[in-house]
Amino acid sequence: VKWQGGEVFLYEKFEELLDECIKNKVPQFIQTNGLLLNEKFLNKCLKNNIWLSFSIDAVKKETYEQIRLGAKFDSLIEKLKLLKKYKQSNEDFKYSMLMVVMSLNYKQIVDAVNFAIEYGFSAVSFQQYVPYVNKELSLNRKQTEEVIEQIKILKQKSLNNSIPIEILTDISLNEIFVDTKLKEKQEFNDN
């Protein structure tokens, strides 16, 4: 079961559902912003091999709080320190970080990997921002090329073990070229 939301820990019956899956030996994956995690849930995840993935869209306080309105970066850091403590007691405890790359954070790719290593993440996944709400947050072509180049270098370092973390992504220049051609075609048809 892949639990995601909104924030799954806001649902009052989430623990009931989690326990039911544990009882029935159903593998689980939780996507969370991590801000509501506590020792009780971390113990449960560790004991039952539940994979956690943290949505962290920036690793600098100002950018993080600009993207995650109402969230406090210092609270995130406290949760990540707790998480790292659990990892130190059990090396098999694995968790990952997900960063949606957009115009506000695209210069933090390398910093995100270093941040993930510092807090014991097993992998970082960079995903492309999909402009449902705010198209201004989308990367332009030049920014996308810069991000892809950085990710290529980091993936290579991961493959040759010069960094101890897996690098994943869904970002593709092909989509940017297709989007650009579709926009150009639409503009031509509109004129």
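Structure first, text after, so check above.
Residues numbered from 1 in each chain as written. Predicted model: local features only at pLDDT ≥ 70, side-chain atom pairs only at ≥ 80, totals over all residues. Heavy atoms only, no water.

A.B. asks: I would appreciate a short explanation of the overall build of the protein in the present structure.
C.D. replies: Scanning the protein from N- to C-terminus turns up seven helices and six strands. Seen in sequence order, the protein has helices and strands lined up from the N terminus as β-α-β-α-β-α-α-β-α-β-α-β-α. Projected onto the principal axes, the alpha-carbon positions of the protein cover approximately 60 × 40 × 30 Å. In the protein, which comprises 191 residues, the proportion classed as buried is 43%. In the protein, the proportion of contacts linking residues at least 24 apart, taken out of those at least 6 apart, comes to 68%. Just so you have it, the protein exposes about 11400 Å², and 51% of that area is on carbon and sulfur atoms. Across the protein, the mean location of the 27 positive side-chain charges is 3 Å away from that of the 27 negative side-chain charges. (Helix = DSSP H or I, 4+ residues; strand = E, 2+ residues; numbered from the N terminus. Buried < 20%, exposed > 50% of the residue type's maximum accessible area, 1.4 Å probe, protein only. Contact = heavy atoms within 4.5 Å. Areas by Shrake-Rupley, 256 points an atom, 1.4 Å probe, with all protein chains shown as cover. Lys, Arg positive; Asp, Glu negative; His and termini not counted. Charge placed at Lys NZ, Arg CZ, Asp CG, Glu CD.)

A.B. asks: What should I look at first to understand the side chain of S122 in this one?
C.D. replies: With respect to the helices and strands, the residue S122 is situated in the loop between α5 (109-118) and β5 (123-128). If we ignore the near neighbours within four places in the chain, the residues touching S122 are W51, K87, K94, Y95, I165 and E166.

A.B. asks: Teacher, can you tell me more about the sheet that holds strand β6 (residues 166-169) here?
C.D. replies: Taken in spatial order, the six strands line up as β1-β2-β3-β4-β5-β6 in an open sheet, and their pairing is parallel. Because the sheet does not close on itself, it has two edges, and the strands there are β1 (2-3) and β6. Looking at chain direction, β1 and strand β2 (residues 29-32) are connected through two bridges and run parallel. Looking at β2, one finds that K2 is bridged to F29. Strands in contact with α5 are β4 (95-101), β5 and β6; relative to β5, the strand with the most contacts, it is inclined by about 150 degrees. (Pairing = 2+ DSSP bridges. Axes fitted to C-alpha atoms, helices over the stretch in contact; angles between N-to-C directions.)

A.B. asks: How do you make sense of the packing of α5 against helix α6 (residues 141-159) when you look at a structure like this?
C.D. replies: Contact pair α5 / α6: the axes reach a minimum separation of 9 Å and the direction vectors enclose 35 degrees. On the side of α5, the interface is formed by I109, V110 and V113, while α6 contributes V147, Q150, I151 and L154. The residue makeup of the contact of α5 with α6, split by class, is six nonpolar, one polar and no charged. (Nonpolar A, V, L, I, M, F, W, Y, C, P; charged D, E, K, R; others polar.)

A.B. asks: How do you make sense of α6 when you look at a structure like this?
C.D. replies: An α-helix turns once every 3.6 residues. As a result, residues three or four positions apart point the same way. Compared with an ideal rise of 1.5 Å per residue, which puts 19 residues at 27 Å, α6 spans 27 Å between its outermost C-alpha atoms and is within 8% of the ideal. Every buried residue of α6 is accounted for by Q143, T144, V147, I148, Q150, I151, L154 and S158. All buried residues of α6 lie within an arc of 165 degrees about the axis, which places them on one face of the element. For α6, the exposed residues set more than 90 degrees away from the buried face come down to K142, K152 and L159. Where α6 begins, the side chain of N140 points an oxygen toward the backbone nitrogen of K142, at a separation of 3.0 Å. Within two residues after α6, N161 carries a phi angle of roughly 65 degrees, on the positive side. (Expected span 1.5 Å × (residues − 1). Arc of directions from axis to C-beta. Polar contact = N/O pair within 3.5 Å; in protein donor to acceptor, adjacent residues only side chain to side chain.)

A.B. asks: Quick question: what am I supposed to make of the environment of K84 here?
C.D. replies: Inspection of the secondary structure assignment puts K84 in helix α4 (residues 73-89). Classification of K84 by relative accessible area gives partly exposed; the value is 29%. In contact with K84, not counting residues within four places along its chain, are Y95, E118 and Y119.

A.B. asks: Could you clarify how one ought to interpret the state of the cysteines in this entry?
C.D. replies: Each disulfide consists of a covalent bond between the sulfur atoms of two cysteine residues. Counting across every chain of the model gives zero disulfides. The cysteine C21 is free of any disulfide, with C45 supplying the nearest cysteine sulfur at 12 Å. Its relative accessible area of 11% is what places C21 among the buried residues. The buried category is assigned to C45, whose relative accessible area is 0%. (Disulfide = S-S within 2.5 Å.)

A.B. asks: What exactly am I supposed to notice about the nonpolar core here?
C.D. replies: In globular proteins that are soluble, nonpolar side chains generally tend to be buried together. By size, the foremost hydrophobic cluster in this structure holds 55 residues, and its most contacted members are I30, L52, I56, M97, F115, F121 and F126. Among the elements that take part in this core, α4 stands out by supplying seven residues, more than any other. The residues contacting L52, other than those within four sequence positions of it, are I30, L37, L42, C45, L83, F93, K94, Y95 and S96. (Core = buried A, V, L, I, M, F, W, Y, C linked by side-chain atoms within 4.5 Å.)

Shape descriptors only; they carry no functional weight alone.
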